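Chain residues, written in single-letter form:
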Amino acid sequence: MARRFGGEFSPEARSPKAASPRPAPVSFRGRKPMRHGAKLNLLFALALLPLLSAFFQPVTAIATDLAGMGALLLGAWLTRDGVRAEDAFAERKVARRPAIPRKIFGAVAMGAGVALLVFGGQWAIVPALLIGVIAAALHLGAFGLDPLRDKGMEGVDRMQSDRIARKIDEAEKLLDQMRDAVRRARDTEAEDRVAGFSETVRSLFRQVEADPRDLAAARRYLGVYLQGARDATMQFADLYARSRDAQVRADYMAFLDDLDTNFASRTTALLRDDRTNFDIETEVLRDRLNRENLHNEG
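The notes below deal with the structure included here. (Residues numbered from 1 in each chain as written. Predicted model: local features only at pLDDT ≥ 70, side-chain atom pairs only at ≥ 80, totals over all residues. Heavy atoms only, no water.)

Some thoughts on the side chain of threonine 64
- Among the structural elements, threonine 64 can be located in helix α2 (residues 59-91).
- The buried category is assigned to threonine 64, whose relative accessible area is 15%.
- Within the local environment of threonine 64, its side chain forms a polar contact with the backbone oxygen of threonine 60, the two atoms lying 2.9 Å apart.
- Leaving out residues up to four positions away in the same chain, threonine 64 has contacts with Leu116, Phe119 and Gly120. (Helix = DSSP H or I, 4+ residues; strand = E, 2+ residues; numbered from the N terminus. Buried < 20%, exposed > 50% of the residue type's maximum accessible area, 1.4 Å probe, protein only. Polar contact = N/O pair within 3.5 Å; in protein donor to acceptor, adjacent residues only side chain to side chain. Contact = heavy atoms within 4.5 Å.)

Let's talk about the nonpolar core
- Formed by 31 residues in total, the largest nonpolar core has its most connected members in Met178, Phe197, Leu226, Phe236 and Phe263.
- Looking at this core, the elements that each hand over two or more residues are α5 (158-183), α6 (188-210), α7 (215-243) and α8 (246-297).
- Broken down by element, this core gets its largest block of residues, nine residues, from α7.
- Residues within four places of phenylalanine 197 in sequence aside, it is in contact with Leu175, Met178, Leu226, Ala229, Leu259, Asp260 and Phe263. (Core = buried A, V, L, I, M, F, W, Y, C linked by side-chain atoms within 4.5 Å.)

Topic: helix α1 (residues 37-47)
- What α1 keeps buried is the set Leu40, Leu43 and Ala47. The arc that holds every buried residue of α1, seen down its axis, measures 50 degrees, which confines them to one face. Every exposed residue of α1 that faces more than 90 degrees away from the buried side is listed here: Ala38 and Asn41.
- In this structure, the buried side of α1 is in contact with α2, α3 (102-120) and α4 (125-143). (Arc of directions from axis to C-beta.)

Observations regarding the pattern of salt bridges
- Taken as a whole and assessed by the stated rule, the structure comprises 13 salt bridges.
- The partner of arginine 249 in a salt bridge is aspartate 187, and the shortest N-O contact between them spans 2.7 Å. Residue arginine 249 is found in helix α8, and its partner aspartate 187 is found in the loop between α5 and α6; the two are separated by 62 residues along the sequence.
- The class of aspartate 187 is buried, set by a relative accessible area of 8%.
- One salt-bridge network, in which partners are shared between bridges, spans Asp187, Glu189, Arg193, Arg249 and Asp257. (Salt bridge = Lys/Arg side-chain N within 4 Å of Asp/Glu carboxyl O.)

Encoded structure:
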């Protein structure tokens, strides 16, 4: 007698009530498109174009074209890193200018690459240099200059600001390590949750930058707790990549939810403390003014 085939993945294997719930839709919280992304990709693509004709020329022209291509690739790489550094600078309320002006160096490399390619085409050196200068100027016009001044440092104790900047840089590295680790799990929702948690942590960064007195209260969160989150994420990624255990994933998601809540609560508490301090200062000043007025009237 014929027997109906059924199995774990058959339509009748699970009733509608027993069906597992659909995964939560992935949000894009904490994910920002990179500025100039299309233009940067175009730079890398254009830098490879000399390969199409470089090897159909005399040896000297081949060497010149390959050197020009290398300069163009270097310029594209420097520019991409410069845009990333500028974005990080813009996100912070208190920040030092990038130590290396990558976009400016990228423009110089681009100009040198264009000049070498033009010169390799048997042009005279003067026109090649002029075209290279024009290319560098156009590059700066397209991507702008690097930040050349510190931001939010007026009236701030330099030693204290250095401590804050160093602590936040260390915390940013821990967040980057979390992000890199969770990618090994190959789970888009987990990556999204880590990105959301990173944004919550960065809100705490901004609060500490706005009021350096909050650093002492936030030190454990920016150090010990973030290190624990990084270590737990690395262990989760390795374990889940091997086993695909749903319980491990659920436990990690609950862990991230708890972390997010605790970090958000700490930021709210610091804001509330700042408001309390503000109210106390204004009340003290108001009392002094009232006493002064009474004294003058008397």
